[in-house]
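# Chain and residue survey
Here's the letter readout for the chains.
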Amino acid sequence: MIANQLRIEQHINLLSQYTATPKAGVTRLTYSKEDLEARNYIKDMMRNYNLTVSEDGLGNIFGKLEGLDPSAPSVIVGSHFDSVPNGGAYDGAAGVVVGLEVAALFKEQQIQPVNSLEVIAMVEEEGSRFGGGLMGSRGMMGLLSEDDFQSIKDKNGVSVKEAMTNIGLDFTKEKYRDPKTIKAFLELHIEQGPILEEKNISIGVVDAIVGLTQLEVTIQGRAGHAGTTPMDKRADALVTAAQIISAFPKLAEEVGHGTVITTGQLEVFPNGSNVIPSKVIFSVDIRSGEEEKVQQAINKVMALIESKNNSNVQSVAEQLLHTTPKVMDKEVHSLLTEACEKLDISYCQISSGAGHDAMIFSDYTACGMIFIPSRNGLSHSPEEWSDTKDLAKGATILYETVLRLTEGTA
Ligand code: HGY
Ligand code: MN
Ligand code: MN
């Protein structure tokens, strides 16, 4: 493997230290202190590898190796560098580190590309701070308006613009990236599931990514005294929320075809142990490989919410994100599999149950993704772990593929 496993290991270990919850996984929320520490590290590494560093109006980081033909569209390689709360050291970071490794190999091998190579580290893919998710890639493709960046706020009411300013980022810079300036987007990601490990295969070449819908549901009831309010005189928002959420496993089963429905976030107001909850806000994450099944699941969830409305309790659901299932670019997919065969690395086709920035970019440019195995299939957990040997294999595959896409020569 031409990729340097030790260097990759160092990047992963150092980035994992930029967390708000040391000893309890990686918590690196967008535009946080930890974001800034990781951002500065990534930019320093980009400069080490002779890349010209820039940040756009959302704080996405770019490291560019100018090609012989500056007018030719770039090949972009990378991933996101934010995390879920108490997540792992590899989700997103592995793809950024492998992008850095491709740039390091271009430098070591003195490769001069025709098309520019750009390493990217994107913000807010997880949506852990501002909800929805895929904000960095959606912003680049013009799917979010300037007003959105003022209205989108975190749980403490801090807007994207304020949060950016707080860490010295300039939100007035251009956010939009003309897709004509991108030849292809490549991303390595951990599988976040058990398939590759079970099959004892090093690389999954992604053919498709599930459709993903995120809802935010608000249940409005009425606060009351837990001791003096008879059970038949209550408008308990949390009881209603519990009735809705507990029905999701059955709804998902009715839709079938691997459809999954999850509530990962729930807030109770006023959150007093002796107060009947007046309001509950919770998330609903709906995924399936077929758009028709996603729509069926959404319809069932909305009908269930509607059915719980009465004179005492009212519910509303807001759609924060909806992406249809996406297919990866056939030509890029072939280049990736050819690289696996040339390097004699075991691989298989795989579909993604996780969402990725590639599902946004794939509507605008050629996208390719490869997965590496996740130990015990675990992710979004402090126990997330992948072997840097597999990361080195993945980096070598992306290096070979980027060489061909950029028509690089030594
Ligand atoms: O939710 C996802 O699938 C991704 O980790 N953002
Ligand atoms: Mn994730
Ligand atoms: Mn991810």
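Preceding block: the structure.
Since this is a predicted model, take the numbers as computed values, not measurements.

Before going further, it helps to examine the coordination of the manganese ion (ligand 2). Around the manganese ion (ligand 2), the protein contributes the donor atoms Asp91 (OD), Glu126 (OE), Glu126 (OE) and His380 (NE2), at 2.1 to 2.8 Å from the metal centre. For the manganese ion (ligand 2), all donor residues lie on one chain, and their spacing in sequence is D-x34-E-x253-H. The metal-metal distance between the manganese ion (ligand 2) and the manganese ion (ligand 3) comes to 3.4 Å, with Asp91 coordinating both. Pair noted here: Asp91 is in the loop between β3 (74-80) and α3 (93-108) and Glu126 is in the loop between β4 (117-122) and α4 (135-140), with a separation of 35 residues, a long-range link. Residues Asp91 and Glu126 agree in their burial class; the two are buried.

This part is about the pattern of salt bridges. The final tally for this structure, using the stated rule, is 24 salt bridges. As a salt-bridge pair, Asp44 and Arg47 come within 3.2 Å of each other at their nearest N and O atoms. Note that Asp44 and Arg47 are positioned in helix α2 (residues 33-48) at a spacing of 3 residues, about one turn of the helix. Among the residues examined, Asp44 registers a relative accessible area of 40% and is labelled partly exposed. On the basis of relative accessible area, Arg47 is assigned to the partly exposed category, the value being 46%. The partner of Lys180 in a salt bridge is Asp178, with the nearest N and O atoms 3.3 Å apart. Given a relative accessible area of 68%, Lys180 falls into the exposed group. The structure contains a network of salt bridges with shared partners spanning Asp35, Arg39, Lys43 and Glu55.

About the thresholds
- Residues numbered from 1 in each chain as written.
- Chains lettered and ligands numbered in written order.
- Predicted model: local features only at pLDDT ≥ 70, side-chain atom pairs only at ≥ 80, totals over all residues.
- Heavy atoms only, no water.
- Donors = N, O, S within 2.8 Å, 3.2 Å for Na, K, Ca; no water.
- Helix = DSSP H or I, 4+ residues; strand = E, 2+ residues; numbered from the N terminus.
- Buried < 20%, exposed > 50% of the residue type's maximum accessible area, 1.4 Å probe, protein only.
- Salt bridge = Lys/Arg side-chain N within 4 Å of Asp/Glu carboxyl O.

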